[in-house]
Each structure stands twice: as C-alpha cells, then as structure tokens.
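Examining the three-dimensional arrangement
For reference, the chains in residue letters:
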Amino acid sequence: MESMACKTPSVTFRTGGVPEAVLDGRTGLVAQQGDLNQMVAHCERLIQDGKLLQTLAEEGRRHAEQTFSYPVIAARHAALYEETFREYRYEE
C-alpha cells in the first residue's frame, strides 16, 4: 500500500492479503506464490515497458487514495460502529 501511495508499482507474490491490496495488472504485478521465474519476468517486464510501469504507478496511486486513505478508512470504521450500535440497540 505504501508503494502504491508513492506511485511505485508493486511486484509481489500471491500470498496472504496481497491480492486484496495489489490488483494484478492494474496496480502492480502478482506472481504465484514461490514462483521466482514469474517474479523475475514481472520485474523485467516493468524495466522494459515504461508505459506499463507508468500506467500501474498512476492506477496504484489512485487505488491507494480511493481505498486506503485515512478519510476512507475513517468513514468505513464510523459506518461499522453505527451499524453495530443499531444492531445492538435493536436486540435490547
């Protein structure tokens, strides 16, 4: 997420929560877990294709702002708290 916020495309493995944060082909490139050859190929692709690198960088920044920025996260938390309080009060 920090990388995307800095307009740097990520090249990473498909593991844990990574696929939820890095959108393969949109905000970065994701290799199958443990596939070093695919990881190298993704890195080489970005080195050779400046247009792709720029596109992923721009979309990554946009995605980070729209999905992970403080105002967005704060609004989601506030909505969750409101929903929880409504459900709790309804059960009383």
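Heads up: these notes are all about the structure in this document. (Residues numbered from 1 in each chain as written. Predicted model: local features only at pLDDT ≥ 70, side-chain atom pairs only at ≥ 80, totals over all residues. Heavy atoms only, no water.)

1. Comments concerning the side chain of T27
Here T27 is to be found in the loop between helix 2 (18-21) and strand 2 (28-31). Of the residues examined, T27 reaches a relative accessible area of 0% and is grouped as buried. At 2.8 Å, the side chain of T27 and the backbone nitrogen of L23 are in polar contact. T27 has contacts with M4, P9, S10, A21, V22, L56, E59, G60 and H63, leaving out every residue within four places of it along the chain. (Helix = DSSP H or I, 4+ residues; strand = E, 2+ residues; numbered from the N terminus. Buried < 20%, exposed > 50% of the residue type's maximum accessible area, 1.4 Å probe, protein only. Polar contact = N/O pair within 3.5 Å; in protein donor to acceptor, adjacent residues only side chain to side chain. Contact = heavy atoms within 4.5 Å.)

2. Things to note about the pairing of strand 2
Going residue by residue along strand 2, you find G28 and V30 tucked away on one face and L29 and A31 tucked away on the opposite face as well. Of the pairings in the sheet, the one linking strand 1 (residues 10-13) to strand 2 comprises 4 bridges and is parallel in character. Bridged to F13 within strand 2 is A31. (Pairing = 2+ DSSP bridges.)

3. Considering the pattern of salt bridges
Counted under the stated rule, the structure contains 5 salt bridges. Between K7 and E58 there is a salt bridge, and its shortest N-O distance comes to 3.1 Å. Remark: E58 occurs in helix 4 (residues 50-68) and K7 occurs in the loop between helix 1 (2-5) and strand 1; sequence separation between them is 51 residues. With a relative accessible area of 41%, K7 lands in the partly exposed category. Ionic pairing is found between R14 and D24, a salt bridge with its closest N-O pair at 3.8 Å. Of this pair, R14 sits in the loop between strand 1 and helix 2 while D24 sits in the loop between helix 2 and strand 2; the two residues are 10 residues apart in sequence, bridging distant segments of the chain. (Salt bridge = Lys/Arg side-chain N within 4 Å of Asp/Glu carboxyl O.)

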